[in-house]
Structures are given as structure tokens and as C-alpha cells.
Amino acid sequence: MNLAVGTGLESRCGRWVERPLLGEGGRRSSPNLPPAPAERPSCAGRGSPRLLFQESLHQLRACTMAGQAQSRAEPQQAAPPWGELLSFQYFQRVCPPGAGYGYSGGSMQGMRESEFRRLGGMTYLDHAGTALFPQSLLKEFTDDLSKNIYGNPHSQNISSKLTYDTIEHVRYRILQHFNTTAEDYTIIFTSGSTAALKLVAETFPWMPEGLGHPSSRFCYLTDSHTSVVGMRGITTAMNVLSVPVKPKDILLSEKNRVPAEEQNCMTPHLFCYPAQSNFSGIKYPLSWIQEIKSGKLCPIKTPGKWFVLLDAASYVSTSPLDLTVHQPDFIPISFYKIFGFPTGLGALLVNNQIAPFLRKSYFGGGTAVGYLAGEEFYSPRPSIAERFEDGTVSFLDIIALKHGFDALERLTGGMENIKNHTFALSRYTYAVLSTLKYANGAPIVRIYSDSDFSSPDIQGPIINFNVLDENGDVIGYSQVDKIASLYNIHVRTGCFCNTGACQQHLSLSNEDVKRNLQAGHVCGDDMDIIDGRPTGSVRISFGYMSTFEDAQTFLKFIIATRLSKSDCKFPSQTTTRETISQSVKSPIQNDHTANNNAKKYSLKTIISDMGHWNNSSAALKTPETSRAVSESAIPVYRSGSKPITVTNIYLYPIKSCSACEVSEWPVGNQGLLYDRNWMVVNQNGVCISQKQEPRLCLVQPLIDLEQKIMVIKAEGMDPISVPLEENTGREIQIGQSKVCAHRVQTYDCGERIAEWFSELLGSQCRLIRQSSDFKRNANQKHEKGQATTVSLSLVNEAQYLLINTASILHLKEQITKRLKDPLPTEELIQRFRANIVISATESFEEEKWTEISIGALCFEVVGPCHRCQIICIDPQTGQRNKEFLQTLFSARGRKTNFGIYLMNQSLCSSLPNILSVGSQVFPVLKENGEIPNPLSNEEKTSG
């Protein structure tokens, strides 16, 4: 990547505005980098948090419209070199006033070694998703459980009394953490902040429409979590109007002041906003709470009394919240955001002034002092907490909170220190990211922020951005995530359960979001670019255990990785064609095939063994039928172009293990016979892939059809065999597993093979097989039109994966340049774990096909294969090398597509189909598709 230090462009709400560049003596040398500490004014000198936020929003409204040309200023002074920017000394120099790195009494490295050693070489940057628990918290909690007996708190025995008293102590500890008391607030334990929000929506004293008096309104900031917006489903059912409010409109809300004669109206309204946006990290002013409750700020013009729900789940993970200064009526929190453990436990802090007015219809165990089963009589408990905590609370998890508070205080000294530490890291990272430019001056990242990271009072430790190429086009977030994973960097991508902020910063209209949904994009998928526009972004976030090395590693990754498509030039098609015949031998003759232990059986032997496979309902089409189909659809090549043939066939009996190469093999309705019929799972029944355990590639399964067994080999282990015939005895354990979120029915292959794999991998694991009577159907997106449902084995996406040797050679040339070391073509083919390898003339021409015929078989092309880290694993050694995915990313124009997925077309006969090496391949072009003529390309490149 060719980078140049650029000028002062910064992103505001997804748009770029110019900032002045100052040099020495008060002039900034690069955008957003503050001057030396002695020269900087304090945060207090810049005004109150609300004034800072007002200034930020006024600037936000002044942003240029999306699509306008981005203005750039000439640099007045060059920024420091990359070595200095990434140094700890520079980090300390630009640390803003009030922010401090680390905690007194111990080094960050010491904390990481003692409390978070499990991180190893990982760079974890998703603390806004969840904090990480320290090892001492877990030890102290388990020690507590091992020394004490905690009974059900609703009983009266000694162990139950201990539980009850401990829970009450934890309630006081929580109130103390937020600097308040039981006289002002009540703690109601819930399953999380989402459950707390739902509780408020269900119990708030709403006044519905149509009763002859002013009705209630539920208002929420558009920059809110899904769980906040989802409250409107409950309010709508109660005939209460929901009103979204944009952040910039809050400052105009003084115009909504209610006339004095209407201020005595007591109709209750609820306004909900986040203390900190989980999208951009902006901290909305806590002063809004009192201003809205007093009527100084009104989200909308309507008579009544306003109550405030402060969504503090993101905020309190790294910032202190003082409830003696700011007193919202409701505060939902999730404790895993603070401590990392326990999960599934949250709380609703309720202001005691509003608590008596909450309405509750359902009552569960422990919430009633008395009721009648045969009559409508129920008397609730007087305690607000006990009245709303239906059933038995998660008392062991609540006890764990005590140890969470202890650990947090011991390791950091408190939330104020955490706020300053995390802001120092985010400020530094933001400043350097804002400086990164390509050689042509184009920014490398577009940061989505509503502040300039100048103060921890208005900005949390969250940075949201998209990576750009040198032309200013967004590189999809899923592609960035894949490359980051190669460096063991963990980030978050998508819209982060905050569609409102995502729309605001990415300039997505409501119609855009609906169109993206119709195009198949859903939350959490990898459809990152639709019609050339991003559907989401990348988010990094820091936590109390984050270090300077984490920030440095991330910045080095952004600087060092080749994210620009221009980094790799495409080789000429002439070179590719000329090397095909030299580099790829006939599969019957190449060395790998000759040395492969898999037997090549005669067609007669294979067909004789097909009794097991008859349920596949394969159809044997005549060559004449296949030829008629293909001749009517395939493009006509000029004379002299070579036919496309199958060069290799691979099956993978055990998912994520080594391939078994064959020269001919039967095909059924799930693909190649025995392909991915087995998989290795851990002690929890979860599938183990090469991503978690690269050594799986060293396991060699070999199918012996004559003896009806699968022989499994691995270096240093005695071979072991598994029968091919499915054991239907009663002693077999039938269970449920998942493959790519799909439920599959499997059975266990027994203790003997489990011990074999456990010894090989050094952890408890088992081998399971898909039950033959279970039918797993393909996703709808893999079907064409009204095509019949297609059955899958344990594959991830489709029945077959096809790659092209011309495409392999295209990529090989790029990788060889980067590795500066010869790379055997066969090794590269094995990395891509295809079922079918073909010898097309043009690289990547297979992506232009919609159907293909091979011999008597017809296949539907269902889409490209999006590659992951597995191609970085050497199939011979199990060693990783990230260059492979990075090269693919650059060579394919910032995508990781390689190869195409195929599905069987209708197979309806009991006779088997056979896929054979040497068979000719007849492609059908996509509508308006065009495969470049080999000769015309040769003439163009040679001329």
C-alpha cells in the first residue's frame, strides 16, 4: 500500500469536511492531532458537555450533502513518519488532558499476563459487544461457590437466608456503584437490558388514544438500539403513539415548549435516549434528563409530564454514572458489558418516585404475598423489586456480581480511571486513522463520528468506519473482517443493532433499507455492498483491559495490509493460457495422484456398491440428451480454442479433513457419494473446522468400496476404520447438530474412533455421521426459480464446489510474487478444497456461467464461493500463511470470491450417474453474459 500523509479531512455523519492543519506553536501537524500537552486548554475550558455537544451538532448540520465533491486542503506541514506515529512516545505526547493510560499500582502488561493470558496473540477490539472477564473474578466466584451453600432465596432455611442476604448486599453494591441509595432507586434484576426495556414498555402508566383526554407519547432517539425501538411494538398495541426524534432535532426542541395553561396536564409521556451511542460512541448530554423532565426541552409539542428512560448499557461499560447528579426515571443495564461475566443478567434501576405508578398484570412465583386460585384475588409484595422479579432470580449469577465489582475496583481503581484509559486509546487511534492517506491523497478510512474525539465527556471508546480504496469506493466490511481475522484481530461489523444511526451515517434512506432487505440482506450477513453502496461498517471498541499494543497492532494492520485492488496487476490471458498445459498435468499422471493412497475403482465396482445410494434417485441421462441441451445454449468458440474438461475430482468424507482424489465417482441427490458424510465435534457437540483446529487437514480418510469401510490415517497414529454401512442398532446415539445454522440429525460413531481423534487433537472430541433418513434442504437462495428442493450433506453451502485451473494459475502468479518462493500448483488447488477441477481457458470465466453439463450430468450454478481463512492453511503441514487470502483479496478487486457452487439438476432415476475425469464440460452463459474469445485477447495483449 502506497500511503502519503494527507490533509485535514474528517468525517462527520458519513461526510467529509475540511479541518485546518496546524504546525508547531499551536499549529497542528496533522488532522485531529492535538498540540503538546502544555499548549492545550483543559476540557473544562472548552465549555460544558452540553455546549460541546451543541457545537458538534451545529457542525453536523453544516455537513455537505452526500455525493458532493470532497474538499481537500493542501498540507501546511508533513505529519510525523509512520514509525513515530506508531510509537508509545507519540501516543503519550498526543494524549489529551485528563486522559491517562493504565492504572496506578500496576502495569497494563502485568494485568494482561495475570488476568487475560488466554488472549495470547489475539487483539480483541469488540469490548462494546462484551467485556472480557478477568481470571481472578472467575476464581473468586468458584471459590465462593465451593465454600458456601446457597439455597433458593424464597425458602426460610439457613442456606436460603444466606442467598437472600447476599442478593440484598449486591443490590446495595450496585446502588453504591452508581452513587445512589435505596431511598432514591430500586434495583429490579432482569435477564438483560433488553428485558428491562420490555418491562418498562409493559408497565409504564400509558394513557391510550381515544379516551377523551390527552394521550401518552413514546418518543425515542433514532440513534437507539433495536431493543429501544422495539418498545413501540408494545406501545402500539396499547394504542399509544410512538414518535422517533433525530439527535439534531433535540436542540430545536425548545420550540416545542407547551403553553403555560397546558403545563398542569399530568398525562405521562416517556422519552428514551442512549447515554452513549453503540454505533459511533457519541455521548449524549446527561443534562437532557433534567431539562426534559422540567419541560425546558420537549421532544414533541404535547401537553403532559415527561419521564426519561436513559439507556445506559453501552455507557456504563467504561464510564461512571452518578445518579445523585443526573436522575433519570429508568436505567436499564447489562452486567456482561461491564464485567464480561455473568451473561444473561441485567437490571432495571427505577426511580422510586415513578415506581408506585407502574402497572403489572402478570404475577409469578415470589411476587405475591397472597392470591386465590379459584377467584380473582391477588395481593402483591410491598417491595418494588420483589413485585417485579417474577420467579426465582438467577441468584448464583447475582452473587457473581459481587466478585465483579471487587475485581474491577482492585484492577482499575474505578470507572473514572477506566473512562480516561479507554479514551486515551480511542483518541490516539482516531487521530492516526484520520491521518492515513493513499499516495494520491485519498483517505484510507471514512470515520463515522459526531465528535472530534476531543473530550471523554462527549465521546466514548468506539470508532466506527469503513475502509476505502484509492478511488474513494468503500471496501465491504465483511472483506475487512476476513483480512483482520488473519491477523487475529477481532472487530465487529454490520449495523450493530442500530439501524437509525446506520442510516444517518451511511446516508441510507428508508427505501434503501427496504430494497436491501428485498435483495436478501439481513442483519449479520456478509452482503456488505449493494448497488455499490455499503450496507454497514466496521466498529472497534476499547475496554478497561485494552492496551496500547492493541491500538498499535490494529493501526499496523490498516497500514500494512494491501487493501487496494491496484496493488496486484492482472496477468495477461496469454501468459495464463501458455502456462496451463505446462503446469497442470493430467490427473492420471500427476505426482499427487500417483502418490495418493485413495483407490481408483472401476465403474463396475462402484456401481455394484450403489445399493446404499439408491435413495439418491439419480438419473442416468443419455449423452445425446446432454449434448442437445448444451449445443442449444453454449457459446460458440472460434476454431482453435481447447475444450473444457474435468481434470480432478475430490471428495472429503470427513468435513474439514484431507481430500480423497478419484478418477470417477458416483453422484446422487446430495452430491458425490460419501462426500462430507462425517464431521468431528468437540465435547459440546459443536463442529470443529480447520479454523479452530488446522491439524484436521492432516487427517486422511480413504474410502474402500470393496471392503465397505473408510480407513482414516494420520502421521504418528495407527490407521483406524469406520464402516460405510450405516449402523442402525439401538446402541447408536442419535443426536442433533448444526452446520451453518442448519439443524442436522446425526449419530455417534462410537468410543473407539472418539478416543482416536481425541488423542490426535489433544482434546475431547468425537466423530459423528449424518443420518441417511434425515433430509437437509438447501437455502432458498441456492435454488433457481421454481426448482425442486435440493438435499445437502454436511457441506456448508452447496453440493459441489468447482474451480478452474486457469483461475488457479492466475492467482498463483500473484502469490508467488508475494511469497518470493515457488508454489506447486497442486498445493494451491488443494487449499481451495473443490470437488471438481476443470481446465477452462480463461481465468474466472466460470463466474459467468449459469448452468453446466458434464458428461451425462447437468448442474445449476448457484453462486460464487466466498473464501475464508482456511485457504491460508497448508494442507501438507497445517501451518497458516495469511498471504494467500490477502493476495486473493487484492487480485479479485477487494473480494474473496474463488470458485462456484453447483447443485444437481433434477435426478429422478434409480440408476447411478458417474462423474469422470476427462469428461467434457459444456457451460451455459448467464443472460447477456459474454466469455471473452481467447484469440481476441491474445491479439490485444500481444499487439
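Given the structure is predicted, the values throughout are model-derived calculations rather than measurements. (Residues numbered from 1 in each chain as written. Predicted model: local features only at pLDDT ≥ 70, side-chain atom pairs only at ≥ 80, totals over all residues. Heavy atoms only, no water.)

(A) Representation of the overall build of the chain in the model. Scanning the chain from N- to C-terminus turns up 28 helices and 40 strands. Considering the chain as a whole, with its 943 residues, one finds that 57% of them fall into the buried category. Carbon and sulfur atoms form 50% of the exposed surface of the chain, whose accessible area is close to 39,600 Å². (Helix = DSSP H or I, 4+ residues; strand = E, 2+ residues; numbered from the N terminus. Buried < 20%, exposed > 50% of the residue type's maximum accessible area, 1.4 Å probe, protein only. Areas by Shrake-Rupley, 256 points an atom, 1.4 Å probe, with all protein chains shown as cover.)

(B) The arrangement of the confidence of the model for the chain in detail. Considering every residue of the chain, the mean pLDDT works out to 80; 75% of them sit at 70 or more. Predicted confidence is poor over residues 1-51, with pLDDT under 50, and the contacts of this stretch with residues over four places away or in other chains come to 171 contacts. In the model, residues 56-77 has pLDDT below 50 throughout and makes 44 contacts with residues more than four positions away in sequence or in other chains. (pLDDT = per-residue confidence, 0-100. Contact = heavy atoms within 4.5 Å.)

(C) Focus on the nonpolar core. By size, the foremost hydrophobic cluster in this structure holds 73 residues, and its most contacted members are Y428, L433, I463, F465, F554 and F832. In this structure F554 touches L125, T429, L433, F465, I489 and I540, once residues within four positions along its chain are discounted. (Core = buried A, V, L, I, M, F, W, Y, C linked by side-chain atoms within 4.5 Å.)

(D) Spotlight on the side chain of T647. Relative to the helices and strands, T647 is located in strand β21 (residues 646-651). Its relative accessible area of 9% is what places T647 among the buried residues.

(E) Highlighting the environment of D184. For D184, the location among the structural elements is in the loop between α6 (158-177) and β4 (185-190). Each C-alpha atom of the pair D184 and L323 lies 9.0 Å from the other, and the pair is 139 residues apart in sequence. Discounting residues that sit within four places of it in the chain, D184 has contacts with Q327, V350, N351 and N352.

(F) Molecular detail of the sheet that holds strand β26 (residues 700-704). Pairing in this open sheet of three strands is antiparallel, and the strands run β26-β27-β28 from one edge to the other. With one partner strand each, in any of the chains shown, β26 and β28 (717-723) form the two edges of the open sheet. Each strand axis lies, on average, 25 degrees off the axis of its neighbour in the sheet, ignoring direction. Note that strand β27 (residues 709-714) and β28 share five bridges and pair antiparallel. Residue pairing for β28: M710 is matched across the bridge by V722. Where helix α24 (residues 751-761) meets the sheet, it contacts β27 and β28, and its direction lies at approximately 145 degrees from that of β28. (Pairing = 2+ DSSP bridges. Axes fitted to C-alpha atoms, helices over the stretch in contact; angles between N-to-C directions.)

(G) How the structure looks around unusual backbone geometry. In this structure, P342 follows F341 across a cis peptide bond, with omega equal to 5 degrees. Turning to its location among the elements, P342 is positioned in the loop between α12 (336-339) and β10 (346-351). One non-glycine residue, F453, lies in positive phi territory at about 60 degrees. Relative to the helices and strands, F453 is located in the loop between β13 (445-447) and β14 (462-468). For F453, a relative accessible area of 1% corresponds to the buried category. One non-glycine residue, D531, adopts positive backbone phi at about 55 degrees. Inspection of the secondary structure puts D531 in the loop between β18 (529-530) and β19 (533-534).

(H) Focus on the state of the cysteines. Counted according to the given criterion, the structure contains one disulfide. A sulfur-sulfur separation of 2.0 Å characterises the disulfide bridge that pairs C495 with C502. As the torsion about the S-S bond is roughly -50 degrees, the C495-C502 disulfide counts as left-handed. We note that C495, like C502, is buried. C765 carries a free sulfur, and the closest cysteine sulfur to it, the one in C657, is 10.0 Å from it. Lacking any disulfide linkage, C868 is separated from the closest cysteine sulfur, that of C865, by 7.8 Å. (Disulfide = S-S within 2.5 Å.)

(I) Broad picture of the sheet that holds strand β39 (residues 913-916). An order of β24-β23-β39 is seen for the three strands of this open sheet, with the pairing classed as antiparallel. Strands at the two margins of the open sheet, each flanked by one partner only, are β24 (671-672) and β39. In this structure, strand β23 (residues 664-668) lies alongside β24, joined through two bridges in antiparallel fashion. Residue pairing across strands places V667 opposite L672, the latter belonging to β24.

(J) Spatial organisation of the packing of helix α15 (residues 415-435) against helix α19 (residues 548-560). Between α15 and α19, whose axes approach to 10 Å, the crossing angle comes to 15 degrees. Considering their axes alone, α15 and α19 lie roughly parallel with respect to each other. The two elements α15 and α19 meet at a crossing, and its hand is right-handed. Contact residues: L425, Y428, T429, V432 and L433 in α15; F548, A551, F554, L555 and I558 in α19. Broken down by class, the residue content of the contact of α15 with α19 amounts to nine nonpolar, one polar and no charged. (Parallel < 35°, antiparallel > 145°, perpendicular 65-115°, else oblique. Left-handed = near helix turned anticlockwise from the far one by under 90°. Nonpolar A, V, L, I, M, F, W, Y, C, P; charged D, E, K, R; others polar.)

(K) Here's a closer look at the pattern of salt bridges. All chains considered together, the criterion is met by 27 salt bridges. For E140, the salt bridge identified is with R410, shortest N-O distance 3.3 Å. Of this pair, E140 sits in helix α5 (residues 135-147) while R410 sits in helix α14 (residues 395-412); the two residues are 270 residues apart in sequence, bridging distant segments of the chain. Of the charged contacts in the structure, one is a salt bridge between K293 and D329, with a shortest N-O distance of 3.5 Å. On the criterion of sequence distance, the pair formed by K293 in helix α11 (residues 288-294) and D329 in the loop between β8 (305-311) and β9 (330-334) is long-range, its members being 36 residues apart. (Salt bridge = Lys/Arg side-chain N within 4 Å of Asp/Glu carboxyl O.)

(L) Focus on the packing of aromatic side chains. Applying the stated criterion across every chain yields a total of 32 aromatic pairs. For the ring pair Y430 and F453, a centre distance of 4.1 Å and an interplane angle of 10 degrees mean the geometry is stacked. With Y430 in helix α15 and F453 in the loop between β13 and β14, this pair connects stretches of sequence that are 23 residues apart. Accessibility classification places Y430 together with F453 in one group, the buried group. The aromatic ring of F307 is capped on one face by K305, whose charged end is 5.5 Å from the ring centroid. Above the ring of F884, the side-chain terminus of R831 is found at 3.6 Å from the ring centroid. (Phe/Tyr/Trp six-rings, centres within 6.5 Å; stacked < 30°, edge-to-face > 60°. Lys NZ or Arg CZ within 6 Å of the ring centre and 35° of its normal.)

(M) Looking closely at the packing of helix α25 (residues 805-819) against helix α27 (residues 883-891). Here α25 crosses α27 at 125 degrees, and the two axes come no closer than 10 Å. Between α25 and α27, the interaxial angle falls into the category oblique. The handedness of the crossing between α25 and α27 comes out as right-handed. Touching L811, Q814, I815, R818 and L819 of α25 are E883, F884, Q886, T887, L888, S890 and A891, all from α27. When its residues are assigned to classes, the contact of α25 with α27 shows six nonpolar, four polar and two charged.

(N) Broad picture of α5. End to end, α5 covers 19 Å across 13 residues, agreeing with the expected 18 Å (1.5 Å per residue, within 8%). Taken residue by residue, α5 has S136, L137, F141 and D144 as its buried positions. The buried residues of α5 occupy an angular sector of 130 degrees when projected down its axis, which confines them to one face. In α5, the exposed positions that point more than 90 degrees away from the buried face belong to K139 and S146. Contacts made by the buried residues of α5 are with α4 (108-115), α12 and α14. (Expected span 1.5 Å × (residues − 1). Arc of directions from axis to C-beta.)

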